[in-house]
Amino acid sequence: MSQFLWGPATLTLLCGTGLYLTVRLKAYPLRMLFPTLKGIIRGGKSADANQKKRGAGEVSPLGALMTSLATCIGIGNVVGVAAAISIGGPGALLWMWLGGLLGISTQFAESLLGVKYRQKNKSGEYVGGPMYTLKYGLRNKKLGLILGSAFAVCTVIASFGIGNMVQANSIARSVSFSFGISARVTGIIMTAAVLATLLGGIKTIAKVSGVLVPVMAAVYIAGGLIVIAGNAGGLASGLRNIWSGAFGVKAAAGGTAVSFLTVLQNGIAKGVFSNEAGLGSAAVTAAAARTDSPVKQGLVSMCTTFIDTHIICTVTGLAVVSAGLYRDTGTGATELITRTFESVLGNAGGYIVTVGVVLFAYASIPGWEYIGEKALEFLVKKKFYCYIYRIGFVITVYIGAVLAAAHVWELSQAANALMIFPNLISVLALSGGVSKDVRSYKHDKNSVGEGEKTSEV
């Protein structure tokens, strides 16, 4: 089913939307990418403190960014990239990079809209995302409610797949491969850890993400760069294979020939699975940020796509192609990336991969619980059902750990695709408003010097 849902229509919609937004916004998100990253690095906690005085929301902009990063920096960055190369060959990396580049504009727009149309729930918390964007943003309110509800249903389903079972399954497989610990034991430990994190709500999730994300990313990237340097002799041929393999030549596992569509499909699908640009999930966490400007939070949120795809996924991909072990048949994605790191770092490489997978995946699970719970809240409006969802979500962590990997990946990719359609409908339908908001923000920035005066949310 996932093969059908990730067919030419979905790929065209994803890439076409990103290209359309990039052109319509005159590449504003791309032009602002590095200045925004520079501001985040320089601003840090002081920027959050200033925003707390001026904006409304549940967590700081940086906290929302870390939560968004935690949900998308998961096993897709490690196992997902290795799987894309194993199935589609090195050429899948090129399409992952191009898809991620276009996805920056998409994630900017969906996050901007998530803040712009956010609402306050009965508990006084700010909630938002494509379901609210569709309901309150579209002129046809009935259609907006239908599409918003459809997105919310798909998101709830996806939260159990991409955000839960596939993460738990990869943790269990990696720990079993490296340490011989059974999936049942790993599942029990993970279930308890996730439950402890979820008890604190979005603020605790943001705090946990703020600690785990920078640490786990730095350790993994450092290890990956060492592996690339250690296999430097194979890097040049690996880069050539990325270019030639992008158009469907012999480059996958065992040197088998793969079609252009297979390479394209695996590159873009695994890229979206990792960076989530186009899914709308980033808009849900963005809506919780303390901010007085939808454009500003859109700029912050879009950085997740670049960090995820063009930094972390790139490190994984170049490590795999430089080592060349993807040509071996019968090697699963987890085993492939583990053997790649071990080719230079020995046993320590396997431990880095295992710890990276565990931390990446664990950080994703609570963030996705928040996204799924807010989608359910949109549908039922009663906290009681959200508590039931939370219990079911925690139990599913264990189920995902012990299930067969093939079933988990199939469900996750299918659920991902189902989220895309209603989300991109909202982005395309309201792209004119996004363009207008950007122009107003730029005008205020030029006239005031701060870029702070924008319309009220």
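My aim in this report is to walk through the structure given alongside it, one point at a time. (Residues numbered from 1 in each chain as written. Predicted model: local features only at pLDDT ≥ 70, side-chain atom pairs only at ≥ 80, totals over all residues. Heavy atoms only, no water.)

### Structural notes on a positive patch on the surface
Judged by side-chain charge, Arg24, Lys26, Arg31, Lys436, Arg439 and Lys442 come together as a positively charged surface patch. Counting residues per element, the positive patch draws most heavily on helix 20 (residues 431-448), which supplies three residues. Within the secondary structure, Arg24 sits in helix 2 (residues 8-24). Its relative accessible area of 37% is what places Arg24 among the partly exposed residues. (Patch = residues over 30% accessible without salt bridge, like charges linked within 9 Å, V, L, I, M, F, W, Y side chains within 5 Å. Areas by Shrake-Rupley, 256 points an atom, 1.4 Å probe, with all protein chains shown as cover. Salt bridge = Lys/Arg side-chain N within 4 Å of Asp/Glu carboxyl O. Lys, Arg positive; Asp, Glu negative; His and termini not counted. Charge placed at Lys NZ, Arg CZ, Asp CG, Glu CD. Helix = DSSP H or I, 4+ residues; strand = E, 2+ residues; numbered from the N terminus. Buried < 20%, exposed > 50% of the residue type's maximum accessible area, 1.4 Å probe, protein only.)

### A word on the packing of aromatic side chains
Summed over all chains, the structure comprises 10 aromatic pairs. When the centroid spacing of 5.5 Å and the interplanar angle of 80 degrees are considered together, the rings of Phe34 and Phe306 count as edge-to-face. Remark: Phe306 occurs in helix 15 (residues 294-323) and Phe34 occurs in helix 4 (residues 33-54); sequence separation between them is 272 residues. Seen in terms of ring centroids, Phe160 and Tyr389 are 5.4 Å apart; in terms of plane orientation they differ by 75 degrees. Their pairing is edge-to-face. Of this pair, Phe160 sits in helix 9 (residues 141-179) while Tyr389 sits in helix 18 (residues 383-402); the two residues are 229 residues apart in sequence, bridging distant segments of the chain. Ring-pair connections join several aromatic residues into one group, and the members of that group are Tyr132, Tyr136 and Phe378. Stacked on the ring of Tyr126, the Lys or Arg Arg118 has its end atom at 4.2 Å from the ring centre. (Phe/Tyr/Trp six-rings, centres within 6.5 Å; stacked < 30°, edge-to-face > 60°. Lys NZ or Arg CZ within 6 Å of the ring centre and 35° of its normal.)

### Here we look at helix 2
With 17 residues, helix 2 should cover 24 Å at 1.5 Å per step; its first-to-last C-alpha distance of 23 Å lies within 8% of that length. Here helix 2 has its buried residues at Thr10, Leu11, Leu14, Thr17, Gly18, Leu21 and Thr22. Angular distribution of buried residues about the axis of helix 2 spans 140 degrees; they occupy a single face of the element. In helix 2, those exposed residues whose orientation departs by more than 90 degrees from the buried face are Pro8, Ala9, Thr12 and Val23. Where helix 2 ends, the next residue or the one after it, Lys26, has phi of about 55 degrees, a positive value. (Expected span 1.5 Å × (residues − 1). Arc of directions from axis to C-beta.)

### Structural notes on the packing of helix 6 (residues 79-88) against helix 13 (residues 260-275)
Running from amino to carboxyl end, helix 6 crosses helix 13 at an angle of 175 degrees, the nearest separation of the two axes being 9 Å. Put simply, helix 6 runs roughly antiparallel to helix 13. Here Gly80, Ala83, Ala84, Ile87 and Gly88 of helix 6 lie close against helix 13, whose contacting residues are Thr262, Val263, Asn266 and Lys270. A class-by-class count of the residues in the contact of helix 6 with helix 13 yields four nonpolar, four polar and one charged. (Axes fitted to C-alpha atoms, helices over the stretch in contact; angles between N-to-C directions. Parallel < 35°, antiparallel > 145°, perpendicular 65-115°, else oblique. Contact = heavy atoms within 4.5 Å. Nonpolar A, V, L, I, M, F, W, Y, C, P; charged D, E, K, R; others polar.)

### A look at empty space enclosed by the protein
Applying the stated criterion to the full structure yields two cavities of 30 Å³ or more. Taken as a whole, the largest cavity spans an internal volume of roughly 110 Å³. Taken together, 14 residues make up the lining of the largest cavity; nearest its centre are Leu14, Gly99, Gly103, Val272 and Ala277. Broken down by secondary-structure element, the contributors of at least two residues to the lining of the largest cavity are helix 2, helix 7 (91-116) and helix 13. A per-element tally of the lining of the largest cavity places helix 7 first, with six residues. Across the lining of the largest cavity, the residue classes tally to seven nonpolar, seven polar and no charged. (1 Å grid on protein atoms, 1.4 Å probe; cavity = no way out; pocket = protein on both sides within 12 Å on 5 of 7 lines; lining within 4 Å. Points joined across faces, edges and corners; volume = space filled by probe spheres on them.)

### Quick word on the pattern of salt bridges
Evaluated as defined, the whole model comprises eight salt bridges. For the salt bridge of Asp437 with Lys116, the shortest nitrogen-to-oxygen distance reads 2.9 Å. You can see Asp437 sitting in helix 20 and its partner Lys116 sitting in helix 7, a full 321 residues away along the chain. The salt bridge partner of Arg173 is Glu335, with a shortest N-O separation of 3.7 Å. Of this pair, Arg173 sits in helix 9 while Glu335 sits in helix 16 (residues 333-345), placing them 162 residues apart in sequence. We classify Arg173 as partly exposed; its relative accessible area is 35%. Taken together, the shared-partner salt bridges connect Glu125, Lys374, Glu377 and Lys383 into one network.

### Remarks on helix 9
An α-helix turns once per 3.6 residues; consequently, residues spaced three or four apart project the same way. Taking 1.5 Å per residue, 39 residues should reach 57 Å; helix 9 reaches 54 Å between its end C-alpha atoms and fits that length. Of all bends in helix 9, the biggest is about 40 degrees, found at Ala158. Among the residues trailing helix 9, Gly180 stands out with phi positive, at a value near 75 degrees. (Bend = angle between axes of the 7 residues up to and from the residue.)

### What to know about the packing of helix 9 against helix 16
Here helix 9 crosses helix 16 at 50 degrees, and the two axes come no closer than 10 Å. By the angle class used here, helix 9 and helix 16 are oblique. The chirality of how helix 9 crosses helix 16 is right-handed. Of the residues in helix 16, those in contact with Arg173, Ser174 and Phe177 of helix 9 are Thr334, Glu335 and Thr338. Residue composition of the contact of helix 9 with helix 16, by class: one nonpolar, three polar and two charged. (Left-handed = near helix turned anticlockwise from the far one by under 90°.)

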